Amino acid sequence: ATIAATANAAPLTSSSNMPRMLSPTTPDTNKQKYVHAHPSNSKYSAARVRQRISSDGTVKPVTLPNKNKEGLYLRPAGRTRKGMVWDAIRGMWVPQEYEE
């Protein structure tokens, strides 16, 4: 019975079982470009950054900063925002011209 079953099965080297091979010049018409259906959910996306910027130019940090023993907000880790300085009293980035 097993001999008959293997005799009826398609050979493993059949072209129907092999993946379709493309030459370098043949365009693959089956490829679909992925289009983002939803905007980025990242907390660093441009839309989320715009939400954190106030009309006076101050920028809230991504996450609420911790306070030290004196009650001042600790500066977030990472690079300084361009043209900004950290305001430890308010806990946000303020434009440099406000601090001068």
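Overview of the structure.

Rules used in this analysis
- Residues numbered from 1 in each chain as written.
- Predicted model: local features only at pLDDT ≥ 70, side-chain atom pairs only at ≥ 80, totals over all residues.
- Heavy atoms only, no water.
- Buried < 20%, exposed > 50% of the residue type's maximum accessible area, 1.4 Å probe, protein only.
- Helix = DSSP H or I, 4+ residues; strand = E, 2+ residues; numbered from the N terminus.
- Pairing = 2+ DSSP bridges.
- Phe/Tyr/Trp six-rings, centres within 6.5 Å; stacked < 30°, edge-to-face > 60°.
- Salt bridge = Lys/Arg side-chain N within 4 Å of Asp/Glu carboxyl O.

**Quick word on the pairing of strand β2 (residues 92-95)**
Working step 1: Neither face of β2 is open: one carries M92 and V94, the other W93 and P95, and all of them are buried.
Working step 2: Of the pairings in the sheet, the one linking strand β1 (residues 84-87) to β2 comprises four bridges and is antiparallel in character. Note that in β2 the partner of D87 across the bridge is M92.
Working step 3: Between β1 and β2, which pair antiparallel and follow one another directly, the connecting turn spans four residues, one of which, G91, has a positive phi of 75°.

**Describing the packing of aromatic side chains**
Working step 1: For the coordinates displayed, the defined rule picks out one aromatic pair.
Working step 2: Between W86 and W93 the ring centres are 5.2 Å apart and the planes differ by 70°, which places this aromatic pair in the edge-to-face class. Considered together, W86 and W93 belong to a single accessibility category, that of buried residues.

**Brief notes about the pattern of salt bridges**
Working step 1: Across all of its chains, the model carries two salt bridges by this definition.
Working step 2: Note that R90 and D56 form a salt bridge whose closest N and O atoms lie 3.9 Å from each other. Of this pair, R90 sits in the loop between β1 and β2 while D56 sits in the loop between α2 (46-52) and β1, and the two are 34 residues apart along the sequence.
Working step 3: Classification of R90 by relative accessible area gives partly exposed; the value is 41%.
Working step 4: Taking relative accessible area as the criterion, D56 reaches 34% and is therefore assigned partly exposed.
Working step 5: The shortest N-O distance in the salt bridge between D87 and R90 comes to 3.7 Å.
Working step 6: Since its relative accessible area comes to 11%, D87 is described here as buried.
Working step 7: What you see here is one network of salt bridges that share partners, running through D56, D87 and R90.

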